[in-house]
Amino acid sequence: MEKFNKVTSTAVPLPNEDIDTDQIIPARFLKATDRKGFGDNLFRDWRYNGDQSLKTNFPLNNVRFSGEILVSGRNFGCGSSREHAAWALYDYGFRVIVSSFFADIFKGNALNNGLLPVQVSDDFLAELLLTIETDPSTEITVNLETQTISYDSHSASFDVNSYKKECLINGYDDIDYLVNIKSEIEAYEASSITI
């Protein structure tokens, strides 16, 4: 995984609530097991018309909005357990998802795949969405080390599992983490052997 410490970027607003994993990446695109290419079908049914032309009113198709941060309505990632949802968001280019609530399984899948879910209050989220809509050039800074999100004169803190935080900062997946502490594991095993 890529190391993650801080992202400063403009954002794409998607104020919809209760976005489920089938809307993020429809089930018909789950046949592949390689993580690449899923971004092409991110929000497929919302981004395209039946004739495959782009829906110009959808935020990801709007030239006003871009960046590595997706700011979404409450209850992002609900529905079925689908790691492909995190893959699609990451492959599209997002590194941070901001919402006022995340489904637990999605949150875990996101953290396991280098995508940081930042949970903020409903009020902070509403202000942020309005700011982005009004001024798409607004830059947002998400600092994992300090666990803060800020833009203009606004800032908030967010929680993140300390183990997952360490993994993201160092670019580790679970196996990388264990390999990194191999000498500590071996020393513990050696000191714990009893005959």
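These numbers come from a predicted model, not from an experiment.

Definitions and cut-offs
Residues numbered from 1 in each chain as written. Predicted model: local features only at pLDDT ≥ 70, side-chain atom pairs only at ≥ 80, totals over all residues. Heavy atoms only, no water. Pairing = 2+ DSSP bridges. Helix = DSSP H or I, 4+ residues; strand = E, 2+ residues; numbered from the N terminus. Axes fitted to C-alpha atoms, helices over the stretch in contact; angles between N-to-C directions. Buried < 20%, exposed > 50% of the residue type's maximum accessible area, 1.4 Å probe, protein only. Lys, Arg positive; Asp, Glu negative; His and termini not counted. Salt bridge = Lys/Arg side-chain N within 4 Å of Asp/Glu carboxyl O. Contact = heavy atoms within 4.5 Å.

Trainee: Just checking my understanding: could you explain the sheet that holds strand β4 (residues 96–99) for this structure?
Mentor: As summarised here, the arrangement of the 4 strands in space is β2-β3-β4-β5, forming an open sheet in which the pairing is parallel. Only two strands of the sheet have a single partner each, and these edge strands are β2 (11–14) and β5 (116–119). Pairwise comparison of adjacent strand axes, ignoring direction, gives a mean angle of 20° for this sheet. Sheet topology note: the strand β3 (residues 69–72)/β4 ladder contains 3 bridges and is parallel. The residue bridging Ile-69 from the neighbouring strand is Val-96, located in β4.

Trainee: Where do I start with the pairing of strand β7 (residues 148–151) in this structure?
Mentor: Two faces, one strand: in a regular strand the side chains alternate between the faces of the sheet. Judged by which residues are buried, β7 turns out to be one-sided: Ile-149 and Tyr-151 face inward and are buried, whereas Thr-148 and Ser-150, on the alternate face, are not. Examined bridge by bridge, strand β6 (residues 140–143) and β7 share 4 bridges and lie antiparallel to one another. Within β7, the residue paired with Val-142 across the bridge is Ile-149. Connecting the antiparallel pair β6 and β7 is a turn made up of 4 residues, with Gln-147 showing a positive phi of about 55°. Sheet topology note: the β7/strand β8 (residues 154–157) ladder contains 4 bridges and is antiparallel.

Trainee: Hey, could you run me through the side chain of Arg-95 in this one?
Mentor: Checked against the element boundaries, Arg-95 lands in the loop between α3 (83–92) and β4. As a buried residue without a salt bridge, Arg-95 has its nearest oppositely charged side chain in Glu-2, at a separation of 4.1 Å. The residues touching Arg-95, leaving out its near neighbours within four places in the chain, are Glu-2, Phe-4, Val-7, Glu-68, Tyr-90, Gly-114, Leu-115 and Leu-116.

Trainee: Help me understand the sheet that holds β8 in this model?
Mentor: Think of a sheet as strands paired side by side through backbone hydrogen bonds, with each pair either parallel or antiparallel. Ordered in space as β1-β6-β7-β8, the 4 strands form an open sheet in which the pairing is antiparallel. Only two strands of the sheet have a single neighbouring strand rather than two, namely β1 (6–9) and β8. Taking the axes of each pair of neighbouring strands and ignoring which way they run, one obtains an average angle of 10° across the sheet.

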